[in-house]
Amino acid sequence: MSKVILVTGGSRGIGRSAARLCGARGWSVGVNYAGNAKAAAETVAEVEKAGGKAIAIKGDVAVEKDVIAMFDATENAFGPIYGLVNNAGIIAPSMQLADMTVERMQRLFAVNILGSYMAAREAARRMSRSRGGKGGVIVNMSSAAARLGSPNDFVDYAGSKGCIDTFTVGLSKELGPEGIRVNAIRPGLIDTEIHAVAGSPDRAAKLGKQMPLQRAGTANEVGEAVVWLLDDASSYVSGSILDVAGGR
Ligand code: NAP
């Protein structure tokens, strides 16, 4: 069955891979991005080449009206939303808590926590059976950092992802009776552009050898887990937090 999926932060990295793999199943994808229109257009082209349909939607997940607008745009283009990939997330330069500004922490929590909550809220409003929806799936993007804590690098980021884990557990129980499955993925060290923001563009190559599987993961390897959780193959999986972390 064809599905309509919104991927937040779908223009690059893990979100792009998830979008492309949705396309390969013939699904329709709203590709949200923050500012990189060129990257978003490339994702749209990749989804279409893979066999799906896609539109690019600019919007900041930390801004309520943008979140509502990205759902509206996806539904106007393709019909009722079936799945949300709550993927948009940011990191900030490596440092200890004592050196962090409040502005940095506010922005990080606004995008990683509030943004995820607002997008999930919008999905719940549209997909809940008691509100006229047909059910669906939410996949939250956590991180192995939620388990590891990321000392001396980004305890703010790690904490934001711990929040996503707890949110996933609670929301899955709240929305199960509404026909909505809610799960999270905890990627480990994945080779994307996010590490450049933390000040270490070669982090994946440098630290990869220390992983039990002796390499960093690819965005595609996380995307495969995303589409499995979106697909009917995982129809009895809810409230789960799936580590895609190479054994880390
Ligand atoms: P990435 O390559 O840096 O891509 C980030 C994506 O999020 C881009 O599409 C970006 O849009 C979008 N984005 C950023 N801020 C946004 C905002 N405020 N509103 C809407 N979209 C926004 O990141 P990634 O590595 O693929 O990470 C994706 C998710 O996986 C994040 O939640 C991250 O925390 C999580 N994760 C990553 C790793 C890893 O090692 N890479 C590990 C664990 C968890 P633009 O292109 O427009 O900038």
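Residues numbered from 1 in each chain as written. Predicted model: local features only at pLDDT ≥ 70, side-chain atom pairs only at ≥ 80, totals over all residues. Heavy atoms only, no water.

Now for the packing of helix H4 (residues 102–127) against helix H6 (residues 155–175). Two elements in contact, H4 and H6, have axes whose closest approach is 10 Å; the angle formed by their N-to-C orientations is 15°. One element, H4, and the other, H6, form an angle in the roughly parallel class. Relative to H6, the crossing made by H4 is right-handed. For the pair H4 and H6, the contacting residues are Arg104, Met105, Leu108, Phe109, Asn112, Ile113, Ser116, Tyr117, Ala120 and Ala124 in the first and Asp156, Tyr157, Ser160, Lys161, Cys163, Ile164, Phe167, Leu171 and Leu175 in the second. Class assignment for the residues of the contact of H4 with H6 results in 13 nonpolar, three polar and three charged. (Axes fitted to C-alpha atoms, helices over the stretch in contact; angles between N-to-C directions. Helix = DSSP H or I, 4+ residues; strand = E, 2+ residues; numbered from the N terminus. Parallel < 35°, antiparallel > 145°, perpendicular 65-115°, else oblique. Left-handed = near helix turned anticlockwise from the far one by under 90°. Contact = heavy atoms within 4.5 Å. Nonpolar A, V, L, I, M, F, W, Y, C, P; charged D, E, K, R; others polar.)

So, on to the packing of helix H1 (residues 13–24) against helix H9 (residues 219–230). One way to put it is that H1 packs onto H9 with a least axis distance of 8 Å and a crossing angle of 50°. When the interaxial angle is binned, H1 and H9 end up oblique. Remark: the crossing between H1 and H9 carries right-handed chirality. On the side of H1, the interface is formed by Gly13, Ile14, Ser17, Ala18, Arg20, Leu21 and Cys22, while H9 contributes Ala219, Asn220, Val222, Gly223, Glu224, Val226, Val227 and Leu230. Considering only residue class, the contact of H1 with H9 consists of nine nonpolar, four polar and two charged.

A word on unusual backbone geometry. The phi dihedral of Ser150 falls on the positive side, at around 50°, and the residue is not glycine. Checked against the element boundaries, Ser150 lands in the loop between helix H5 (145–148) and H6. For Ser150, a relative accessible area of 11% puts it in the buried group. At Gln214, a residue that is not glycine, the phi angle is positive and equals roughly 65°. If you trace the backbone, Gln214 turns up in the loop between helix H8 (203–208) and H9. (Buried < 20%, exposed > 50% of the residue type's maximum accessible area, 1.4 Å probe, protein only.)

This brings us to the packing of aromatic side chains. Taken as a whole and judged by the stated rule, the model has two aromatic pairs. Pairing Tyr117 with Phe167 gives two aromatic rings, centres 3.7 Å apart and planes at 15°, and the pair type is stacked. Of this pair, Tyr117 sits in helix H4 while Phe167 sits in helix H6, and the two are 50 residues apart along the sequence. Look at Phe154 and Tyr157: their rings are 5.7 Å apart centre to centre, the planes differ by 75°, and that puts the pair in the edge-to-face class. In this structure Phe154 comes out as buried when scored by relative accessible area, which is 5%. Since its relative accessible area comes to 10%, Tyr157 is described here as buried. (Phe/Tyr/Trp six-rings, centres within 6.5 Å; stacked < 30°, edge-to-face > 60°.)

Taken together, 33 residues lie near the ligand, and Ser11, Arg12, Gly35, Tyr157 and Thr192 sit nearest. Ala34 has a polar backbone atom sitting 2.9 Å from an oxygen atom of the ligand. Between the ligand and Asp60 there is a distance of 2.9 Å, counted from a nitrogen atom to a side-chain nitrogen or oxygen. Look at the ligand: alone it shows 910 Å² of surface, and the protein chains cover 94% of it. At the level of elements, H1, strand E2 (28–33), H4, H6 and helix H7 (194–197) are the ones that each hand at least two residues to the shell around the ligand. (Near = heavy atom within 4 Å. Polar contact = N/O pair within 3.5 Å; in protein donor to acceptor, adjacent residues only side chain to side chain. Areas by Shrake-Rupley, 256 points an atom, 1.4 Å probe, with all protein chains shown as cover.)

A complete count under the given rule lists 21 salt bridges for this structure. Note that Glu75 is salt-bridged to Arg126, the shortest N-O span being 2.9 Å. Here Arg126 lies in helix H4 and Glu75 lies in helix H3 (residues 64–78), a separation of 51 residues in the sequence. Between Lys206 and Asp202 there is a salt bridge, with its nearest N and O atoms 3.8 Å apart. The network of salt bridges with shared partners includes Arg16, Arg20, Lys38, Glu42 and Glu46. (Salt bridge = Lys/Arg side-chain N within 4 Å of Asp/Glu carboxyl O.)

A separate point is H6. For H6, spanning 21 residues, the distance from its first C-alpha to its last is 30 Å, which sits close to the expected 30 Å at 1.5 Å a residue. Of the surrounding secondary structure, the elements contacted by the buried residues of H6 are H4, strand E5 (136–141), H5, strand E6 (180–187) and strand E7 (241–244). (Expected span 1.5 Å × (residues − 1).)

The seven strands are arranged E3-E2-E1-E4-E5-E6-E7 in an open sheet whose pairing can be described as parallel. Taken across any chain shown, the strands that pair with only one partner, and hence form the sheet edges, are strand E3 (53–58) and E7. Put simply, the sheet's adjacent strands are angled 20° from each other on average, direction ignored. Note: E6 against E7, four bridges, orientation parallel. If you follow Ala184 over to E7, its bridge partner there is Ile241. This element, H6, spans E5, E6 and E7 of the sheet and lies at about 160° to E6. (Pairing = 2+ DSSP bridges.)

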